[in-house]
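Secondary and tertiary structure notes
Here is what each chain is made of, one letter per residue.
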Amino acid sequence: MRRFIPFITAAAAAICASSFAQAQEKTLNLYTYESFTSEWGPGPKVKEAFEKTCGCKVNFVSVSDGVALLTRLKLEGPKSDADIALGLDTNLISEAKSTGLFEPHGLDNAVAVKVPGDYSDDTFVPYDYGHFAVVYDTKTLKNPPKSLKELVEGDPSQKIAIEDPRTSTPGLGLLLWVKSVYGDKAPEAWAKLKKRVLTVTPGWSEAYGLFTKGEVPMVLSYTTSPAYHMVEEKSEQYQAASFSEGHYIQIEVAGILKGAHEKDLARQFLKFMVSPAFQNVIPTTNWMMPVTKTSTPLPDAFSKLVQPQKTFLMGSDEVAKNRQAWIDEWLAAMSLN
């Protein structure tokens, strides 16, 4: 029997080593929005690529949209399990910082990103951007609006699905877009637009789903959304309307939580986030524009997209100061309160 002892000992040691390695494997908890983690979104590919380099597991926790993400973090407070929040945008960063839940990423000049307006921040790192747009069905809408004014004052029988600014970053984007164009007259604009609104959804996925099912001829989305249909469906049925006043931009960001259990891993992910391995995935899964050069060219469909002649973007401090008052204006005009 002695001759089997070394074999048993070696096998036992291997099992113990494997169990120990599994016990020591780190997990990065990444809070984000549902369309990011969906099977057709960037989440699965991002998870697979990062796990190959980090010796860790990525655990996604998703909510309906970016505003809902910040709301959840506020509710969980310092005890949140989140290491990284991915899916806030520049409209929300001042409010996010004011919670005291985030800390500077400490990456200095290690990440070089390029977005319209040359946005940079010591706490949040951009990972994609896109301009909001009214996307319409060319088969059911032959004369789409050519301006925000035409959208507001157009035929009430031609409906649009929009997102709620209380829970959705696109919804908040439309709120700020209207405010940028109409200023103090925004409540009157909302009262007119209300006649064209079929429904207000909690997030982008619900609104876009109604649109592609043919239940509404227009939806608030992005200038980049038609690229999905051109690339994946070989169809140009859905197009973005170019607005003469210009389009409001969304720059999406990620940041590290002050209470993160895996801060080194979180910083490693932020560096990975602006590498080609992550950025290559963004255009054809999140259907947004990358913030760094990709190692693969963009599909030809991106050259056919609306190119806004003017970009609107409010400072995050201004948004944080006025967001609730502007939402109250919206609620009163839309009679949703």
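None of these values were measured; they are calculated from a predicted model.

Its location among the elements puts Asp137 in strand 5 (residues 124-137). No salt bridge is formed by the buried Asp137. Its closest oppositely charged neighbour is Lys139, at 6.6 Å. Polar contacts involving the side chain of Asp137 include one to the main-chain amide nitrogen of Lys139, which spans 2.9 Å. Apart from residues lying up to four places away in sequence, Asp137 is in contact with Phe211, Pro217, Gln237 and Tyr238.

Leaving glycine aside, a negative phi is the common case for residues, and trans is the common case for peptide bonds. The phi dihedral of Asp118 is positive, around 55°, even though this residue is not glycine. The residue Trp287 is not glycine, and still its phi comes out positive at about 55°. The residue Trp287 is located in the loop between helix 12 (276-279) and strand 11 (289-290) in this model. With a relative accessible area of 8%, Trp287 lands in the buried category.

It is a probe the size of a water molecule, rolled over the atoms, that shows where empty space is left. The tally for this structure, following the rule as stated, stands at 1 cavity of 30 Å³ or more. Computed from the structure, the largest cavity encloses a volume of approximately 40 Å³. Taken together, Leu175, Val178, Lys179, Ala186, Trp190, Trp326, Glu329 and Trp330 make up the lining of the largest cavity. Counting only elements with at least two residues in the lining of the largest cavity, the list comes to helix 7 (169-182), helix 8 (186-193) and helix 13 (316-334). Residues of the lining of the largest cavity, tallied by class, amount to 6 nonpolar, no polar and 2 charged.

Quick look at the nonpolar core now. Here is a general trend for soluble globular proteins: nonpolar side chains tend to be buried in one another's company. Leu86, Trp190, Phe269 and Phe278 are the most contacted members of the largest nonpolar core, which has 106 residues in total. Looking at which element gives the most residues to this core, the answer is strand 5, with 9 residues. Discounting residues that sit within four places of it in the chain, Phe269 has contacts with Leu28, Leu30, Val46, Phe50, Ile84, Leu86 and Phe278.

Chain-level pLDDT for the protein chain is 91 on average; 91% of the residues reach the 70-or-more range. This model gives residues 1-23 a pLDDT under 50, and the stretch forms 0 contacts once residues within four places in sequence are excluded.

On to the packing of aromatic side chains. Two aromatic rings are characterised by how far apart their centres lie and by the angle between their planes. Scanning all chains against the criterion turns up 20 aromatic pairs. Site record: aromatic cluster; members linked through ring pairs are Tyr33, Phe36, Phe50, Phe60, Tyr127, Phe269, Phe272 and Phe278.

Turning next to the pattern of salt bridges. Counting across every chain of the model gives 15 salt bridges. Taking the shortest distance from any N to any O, the salt bridge between Glu153 and Lys192 comes out at 3.7 Å. With Glu153 in helix 6 (residues 148-153) and Lys192 in helix 8, the pair connects residues that are 39 residues apart, well separated along the chain. Between Lys179 and Glu329 there is a salt bridge; the shortest N-O distance is 3.1 Å. Residue Lys179 is found in helix 7, and its partner Glu329 is found in helix 13; the two are separated by 150 residues along the sequence. Overall, Lys179 belongs to the buried group, its relative accessible area being 10%. The class of Glu329 is partly exposed, set by a relative accessible area of 27%. Within the structure, one salt-bridge network assembled from shared partners comprises Lys74, Glu95 and Arg323.

Once that is clear, we can look at helix 10 (residues 225-232). Since the α-helix turns once every 3.6 residues, residues separated by three or four places project in the same direction. All buried positions along helix 10 are accounted for by Ser225, Pro226, Ala227, His229 and Met230. Residues of helix 10 that are buried in the fold lie against strand 5, helix 9 (204-212), strand 8 (218-222) and strand 9 (238-240). Backbone geometry just downstream of helix 10 places Lys234 in the positive-phi region, at approximately 55°.

Below, the discussion takes up the environment of Asp328. You can see Asp328 is positioned in helix 13. A sequence separation of 90 residues divides Asp328 from Tyr238, and the C-alpha atoms of the two residues are 33 Å apart.

Another aspect to go through is the packing of helix 7 against helix 13. Interaxial distance between helix 7 and helix 13 falls to 11 Å at its minimum, and their mutual angle equals 90°. Overall, the two elements helix 7 and helix 13 adopt an arrangement that is roughly perpendicular. On helix 13, the residues touching Leu172, Leu175, Leu176 and Lys179 of helix 7 are Val319, Arg323, Trp326, Ile327, Glu329 and Trp330. Residues of the contact of helix 7 with helix 13, tallied by class, amount to 7 nonpolar, no polar and 3 charged.

Analysis parameters
- Residues numbered from 1 in each chain as written.
- Predicted model: local features only at pLDDT ≥ 70, side-chain atom pairs only at ≥ 80, totals over all residues.
- Heavy atoms only, no water.
- Helix = DSSP H or I, 4+ residues; strand = E, 2+ residues; numbered from the N terminus.
- Buried < 20%, exposed > 50% of the residue type's maximum accessible area, 1.4 Å probe, protein only.
- Lys, Arg positive; Asp, Glu negative; His and termini not counted.
- Salt bridge = Lys/Arg side-chain N within 4 Å of Asp/Glu carboxyl O.
- Polar contact = N/O pair within 3.5 Å; in protein donor to acceptor, adjacent residues only side chain to side chain.
- Contact = heavy atoms within 4.5 Å.
- 1 Å grid on protein atoms, 1.4 Å probe; cavity = no way out; pocket = protein on both sides within 12 Å on 5 of 7 lines; lining within 4 Å.
- Points joined across faces, edges and corners; volume = space filled by probe spheres on them.
- Nonpolar A, V, L, I, M, F, W, Y, C, P; charged D, E, K, R; others polar.
- Core = buried A, V, L, I, M, F, W, Y, C linked by side-chain atoms within 4.5 Å.
- pLDDT = per-residue confidence, 0-100.
- Phe/Tyr/Trp six-rings, centres within 6.5 Å; stacked < 30°, edge-to-face > 60°.
- Axes fitted to C-alpha atoms, helices over the stretch in contact; angles between N-to-C directions.
- Parallel < 35°, antiparallel > 145°, perpendicular 65-115°, else oblique.

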